[in-house]
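One letter stands for each residue in the lines below.
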Amino acid sequence: MMQEHGSNTVTVIVKKFTENGVLSASDVVIVEYPLTIYVNDNEWITLFCSGNDQYYLSIGFMYSEGIIKTINDIDRWHLNEEEGKIYLYVNDNVFLRNKMKGKRTITTGCGKGTIFFDVLDALTTKPMNNNISISAESIVTKAAEFQKHSQLFVETGGVHACALYSGNKMLYFHEDIGRHNALDKIIGQTLTSNKKIKNGWLLLSGRISSEIVIKASRLNIGLLLLCTHSKCNLSIGKAGCSS
């Protein structure tokens, strides 16, 4: 038996193993939603994601992969939520054709991820310099604020979260089954807002891998904070950090 709760979660009957034996119980789980992106009516890629903020996710993903440079590259768009399809129309067909035929790299995302820009070349770029200064007390406060916003995680335990801050102010917050998706939603919303982010930094859950750092650097974000201890050597080198 399955009961829907909007587009993000469903209630299912599960078996729980306890000290008193196996029990049947209801549990709320996250919905895994396949979203197929069409660019100029050409099927491009299918992303597995949470069923919300599909436009931000699509825009952020296209920007992260170098398909678009600004939000002005998008002429129009249409979402067919029931079929899990979003149609985006860009105004630079030659650039688009070259990028869509580019080399792909399999990343370390959950379930493996595919990115289209040459990540091996991107890893050789110089680390970003930033002058952002955040006190330890502020980090603790923002981490608590971050956790309060993570309602889907509290309800299901099945999502990652990402928040963009400007100084001490949280600008945007998104959750998704994929940490890359959560960041791409942040990127998409930032591009759509046309705001220039001053003293911007990111707070994330999950592991920070090199492609996460590359995505952040494309948004000119030079500081990433993690709510867990996981990191990778390539991400540390790319960000110019020390462990």
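Scroll up a little and you will see the structure.
Residues numbered from 1 in each chain as written. Predicted model: local features only at pLDDT ≥ 70, side-chain atom pairs only at ≥ 80, totals over all residues. Heavy atoms only, no water.

(A) Seen up close, the pattern of salt bridges. Taken as a whole and assessed by the stated rule, the structure comprises five salt bridges. Between Lys215 and Glu65 there is a salt bridge, with its nearest N and O atoms 3.9 Å apart. One end of the pair, Lys215, is in helix H7 (residues 210-218); the other, Glu65, is in the loop between helix H1 (54-64) and strand E6 (74-80), with 150 residues separating them in the sequence. For the pair shown, Lys215 and Glu65 are each scored as buried. The closest approach of N and O atoms between Glu83 and Lys85, which form a salt bridge, is 3.7 Å. Lys85 sits in the partly exposed class, given a relative accessible area of 23%. Beyond isolated ion pairs, a larger network of salt bridges with shared partners links Glu65, Asp184 and Lys215. (Salt bridge = Lys/Arg side-chain N within 4 Å of Asp/Glu carboxyl O. Helix = DSSP H or I, 4+ residues; strand = E, 2+ residues; numbered from the N terminus. Buried < 20%, exposed > 50% of the residue type's maximum accessible area, 1.4 Å probe, protein only.)

(B) Just the sheet that holds strand E7 (residues 85-90), in detail. One open sheet accounts for four strands, arranged E5-E4-E7-E6; its pairing is mixed. Both outer strands of the open sheet, strand E5 (42-49) and E6, are each paired with one neighbouring strand and no more. When the angles between neighbouring strand axes are averaged without regard to direction, this sheet yields 20°. Inspection of the sheet shows strand E4 (residues 33-39) paired to E7 by four bridges, in the parallel sense. Across the sheet, the residue bridging to Ile37 is Ile86, located in E7. (Pairing = 2+ DSSP bridges. Axes fitted to C-alpha atoms, helices over the stretch in contact; angles between N-to-C directions.)

(C) Fine view of helix H4 (residues 136-149). Look at H4: 20 Å from first C-alpha to last across 14 residues, which is about the 20 Å you get at 1.5 Å a residue. Buried within H4 we find Ser138, Lys142 and Phe146. Projected down its long axis, H4 carries its buried residues within an arc of 75°, all on one side. Among the exposed residues of H4, those oriented more than 90 degrees off its buried face are Ala136, Glu137, Val140, Gln147 and Lys148. Buried residues along H4 sit against strand E10 (160-166), strand E11 (169-176) and strand E12 (200-204). (Expected span 1.5 Å × (residues − 1). Arc of directions from axis to C-beta. Contact = heavy atoms within 4.5 Å.)

(D) The arrangement of the packing of helix H6 (residues 179-193) against H7 in detail. Look at H6 against H7: their axes get within 11 Å of each other, and the N-to-C directions meet at 0°. One element, H6, and the other, H7, form an angle in the roughly parallel class. In this structure, H6 uses Arg179, His180, Leu183, Asp184 and Ile187 to contact H7, whose residues at the interface are Glu211, Ile212, Lys215 and Ala216. When grouped by side-chain class, the residues that make up the contact of H6 with H7 number four nonpolar, one polar and four charged. (Parallel < 35°, antiparallel > 145°, perpendicular 65-115°, else oblique. Nonpolar A, V, L, I, M, F, W, Y, C, P; charged D, E, K, R; others polar.)

(E) Focus on the nonpolar core. Within the largest apolar cluster, 38 residues are counted, with the highest numbers of intra-cluster contacts made by Ile37, Trp44, Ile59, Met62, Ile68 and Leu202. Mapped onto this core, the elements with two or more residues apiece are E4, E5, H1, E7, E10, H6, E12 and H7. Sort the elements by how many residues they give to this core and H1 lands first, with six residues. In this structure, Ala163, Tyr165, Leu203 and Leu223 belong to the second largest nonpolar core, which totals ten residues. (Core = buried A, V, L, I, M, F, W, Y, C linked by side-chain atoms within 4.5 Å.)

(F) Quick peek at the packing of H1 against H6. At a minimum axis separation of 6 Å, H1 and H6 run at an interaxial angle of 90°. Here H1 is positioned roughly perpendicular relative to H6, judged by the angle of their axes. Side by side, H1 and H6 meet where Tyr55, Tyr56, Leu57, Ile59, Gly60, Phe61, Tyr63 and Ser64 of the first sit next to Asn181, Asp184, Lys185, Ile187, Gly188, Gln189, Leu191 and Thr192 of the second. Tallied by class, the residues present in the contact of H1 with H6 amount to eight nonpolar, six polar and two charged.

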